[in-house]
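# Examination of the molecular architecture
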Amino acid sequence: MSRIVRAAAIQISPVLGDDGSGTARKVCQSIRDAAERGVKLAVFPETFVPYYPYFSFIQPAFRFGGEHLALYERAVVIPGPVTGMVAEAARETGMVVVLGVNERDHGTLYNTQIVFDATGEILLRRRKITPTYHERMVWGQGDGAGLKVVDSAVGRIGALACWEHYNPLARYALMTQHEEIHCAQFPGSLVGQIFADQMEVTIRHHALESGCFVVNATGWLTDEQISQVAGDPALEGPLRGGCFTAIVSPEGKLLGAPLTEGEGMVIADLDFALITKRKRMMDSVGHYARPELLSLLVDRRPARTVHAYGPGAELGGMEILP
């Protein structure tokens, strides 16, 4: 008998102007709302807590220092109050939750994806390996330690953020680990319709190539929030459109109508029999692969700034080598 998991891709707007706790509370309420509809996996947008740094897309770097510092103050420490709140909501509802946050690690911010199991345990904390374009002024780079698939209460989960999906080797690193559900996150309310069109192509192609389900969540800004972030009507255009919250089957089929405007959830039942059906035809890391011709080298060691040699050097951030 095939396994069926009910999943939700959640399109949602942040709470701007507070210390970030309002957005976290909104996440927890959405988890509970989804649970009432039988959802067992919920995926939220990219760096949703406290909010995606939209300011960096429309302002030159020398002008957004104040907003960047404010993001530092509101960013998420792992573990910390925000992860504790979300873990409790996941545990209460028995739900697996994939959440994007701005993570603060001392003096650096990271674009981080967190996978909470249905027990509330953090199964994965991964950092976007290469921030895109304007994002390079906001976040540090991740490393290969996060390019892994984890076993959860709903199956084997992999995750990438936004244009990481344009890195075919990053995607293949997850595919080789036989992900069953791929959780994708994009900011939304950015660039315009072309971004939504590109997103659809990207997530449908990954579903086909990996032979897995893709649950993709994008954020949403209200008209009032767009005005607040832009501060100038001439800058509002780049903060509209670009939303495509959707769920895709291993055959590349959209499971339900995608959400391109407003807040809401796209909910679908994921029938794992479709994974086998697709991979029987084309398993890109199995019978359709040619490893003697083409293979992938992945360095999953965490990046470290210090390598300490010798016994007894118990220092944070150090790799102790004999």
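Residues numbered from 1 in each chain as written. Predicted model: local features only at pLDDT ≥ 70, side-chain atom pairs only at ≥ 80, totals over all residues. Heavy atoms only, no water.

For the protein chain, the name recorded in an unreviewed UniProt entry is Nit6803 family nitriliase, with Gluconacetobacter tumulicola as its organism. Its UniProt record, at the heading Sequence similarities (unreviewed entry), says of the protein chain: "Belongs to the carbon-nitrogen hydrolase superfamily. Nitrilase family." (UniProt positions renumbered as here; feature names shortened; annotations may be inferred.)

### A few points about the overall build of the protein chain
Counting its regular elements, the protein chain contains eight helices and 13 strands. The C-alpha atoms of the protein chain give a radius of gyration of 19 Å, which matches the 20 Å a tight globule of 322 residues would have. Within the protein chain, the proportion of its 322 residues that are buried is 52%. Sequence separation of at least 24 residues holds for 71% of the intrachain contacts in the protein chain that already meet a minimum separation of 6. Split by element, the accessible area of the protein chain, about 14500 Å² in all, is 54% carbon and sulfur. Taking the average location of the 30 positive side-chain charges in the protein chain and that of its 36 negative ones, the two points are 5 Å from each other. (Helix = DSSP H or I, 4+ residues; strand = E, 2+ residues; numbered from the N terminus. Rg over C-alpha atoms; globule rule 2.2 N^0.38 Å. Buried < 20%, exposed > 50% of the residue type's maximum accessible area, 1.4 Å probe, protein only. Contact = heavy atoms within 4.5 Å. Areas by Shrake-Rupley, 256 points an atom, 1.4 Å probe, with all protein chains shown as cover. Lys, Arg positive; Asp, Glu negative; His and termini not counted. Charge placed at Lys NZ, Arg CZ, Asp CG, Glu CD.)

### What about helix 6 (residues 193-210)?
Spanning 18 residues, helix 6 covers 26 Å between terminal C-alpha atoms, matching the ideal 26 Å at 1.5 Å per step. Every buried residue belonging to helix 6 is among Phe-195, Ala-196, Met-199, Thr-202, Ile-203, His-206, Ala-207 and Ser-210, and all of these are buried. Taken end-on, helix 6 shows its buried residues confined to a sector of 130°, consistent with a single buried face. Exposed residues on helix 6 whose side chains face more than 90 degrees from its buried face are Gln-193 and Val-201. The inward-facing, buried residues of helix 6 contact helix 5 (168-175), strand 8 (181-186), strand 9 (213-218), strand 10 (246-248) and helix 8 (273-281). Just beyond helix 6, the residue with positive phi is Gly-211, at close to 70°. (Expected span 1.5 Å × (residues − 1). Arc of directions from axis to C-beta.)

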